[in-house]
Amino acid sequence: KAGVTQTPRYLIKTRGQQVTLSCSPISGHRSVSWYQQTPGQGLQFLFEYFSETQRNKGNFPGRFSGRQFSNSRSEMNVSTLELGDSALYLCASSRSTNLGPDTQYFGPGTRLTVL
Amino acid sequence: AQKVTQAQTEISVVEKEDVTLDCVYETRDTTYYLFWYKQPPSGELVFLIRRNSFDEQNEISGRYSWNFQKSTSSFNFTITASQVVDSAVYFCALKIQGAQKLVFGQGTRLTINP
């Protein structure tokens, strides 16, 4: 069974630009969560989508947004990039029908560098 | 609010030594789930184990074992007879019932020297 895939793996952008990251979940998984990992803040939850709806949201500014498609694939977008947005962005998928015991499986991440 | 603390930032041991990674969590919820993930240099978080709050049985999987104690809010991870391939950053995480968000500790960087 294929794992979670993320594209692109690496991105370099400049301040003020916007970026879109893509995530394809494990087949049969309907929930996709996004996390940001930085050396200073560690791993932080951005948001989660289930059945094309945002179900949970972390404490990030509105510049961070996402969406999910009918095939469960998800994208996240960051507008007006800042230097502090440089991070590893990890996507995780799970079956998650009832927000109970549920394991999230992670992709390899997209490393974003903002210059 | 939930919180996970991994007090050990870095651990370095010689191959074949046993090593224990500590994890202490905080939550007021009665139903929650605890996880351990491994992050090798490639960056991907690899799932190791999930424990439910109502199941305090310890678990052993090969060289790996986990000790869950609700009385001390701890979920420690032991690697027996460590190997160089165990070198990675290990994260402990907490999820409460009714939410999808994982709350992670700061991670422990484990280096196994040959």
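Relevant structure appears above.
Criteria and cut-off values
- Residues numbered from 1 in each chain as written.
- Chains lettered and ligands numbered in written order.
- Predicted model: local features only at pLDDT ≥ 70, side-chain atom pairs only at ≥ 80, totals over all residues.
- Heavy atoms only, no water.
- Contact = heavy atoms within 4.5 Å.
- Buried area = accessible area lost by both parts, 1.4 Å probe.
- Salt bridge = Lys/Arg side-chain N within 4 Å of Asp/Glu carboxyl O.
- Polar contact = N/O pair within 3.5 Å; in protein donor to acceptor, adjacent residues only side chain to side chain.
- Helix = DSSP H or I, 4+ residues; strand = E, 2+ residues; numbered from the N terminus.
- Nonpolar A, V, L, I, M, F, W, Y, C, P; charged D, E, K, R; others polar.
- Core = buried A, V, L, I, M, F, W, Y, C linked by side-chain atoms within 4.5 Å.
- Buried < 20%, exposed > 50% of the residue type's maximum accessible area, 1.4 Å probe, protein only.

Draft legend 1. Looking closely at the interface of chain B and chain A. Taken residue by residue, the interface counts 22 residues in chain B and 27 residues in chain A. Carbon and sulfur atoms supply 53% of the area that chain B and chain A bury against each other, a total of about 1,800 Å² over both sides. Looking only at chain B, the three residues that lose the most surface to chain A are B:Leu45, B:Gln100 and B:Phe104, adding up to 30% of its buried area. For the pair chain B and chain A, the number of links is zero salt bridges. Across the contact surface, chain B and chain A share eight residue pairs in polar contact (both at pLDDT 80 or more). Within the residue set of the side of chain B that touches chain A, elements represented by two or more residues are strand 5 (32-39), strand 6 (46-52) and strand 10 (88-96) of chain B. Sort the elements by how many residues they give to the side of chain B that touches chain A and strand 5 of chain B lands first, with four residues. Taken together, the residues of the side of chain B that touches chain A sort by class into 10 nonpolar, eight polar and four charged.

Draft legend 2. Geometry of the nonpolar core. All names here are of chain B. In this structure, Trp36, Phe75, Phe77 and Tyr90 are the most contacted members of the largest nonpolar core, which totals 26 residues. Breaking this core down by element, the ones donating at least two residues are strand 2 (10-14), strand 3 (19-21), strand 5, strand 8 (64-69), strand 9 (74-79), strand 10 and strand 12 (108-113). When residues of this core are assigned to their parent elements, the largest contribution, five residues, is made by strand 10. Not counting residues within four places of it along the chain, the set of residues in contact with Phe75 comprises Cys23, Leu34, Phe35, Trp36, Ile49, Arg51, Trp66, Asn67, Phe68 and Cys92.

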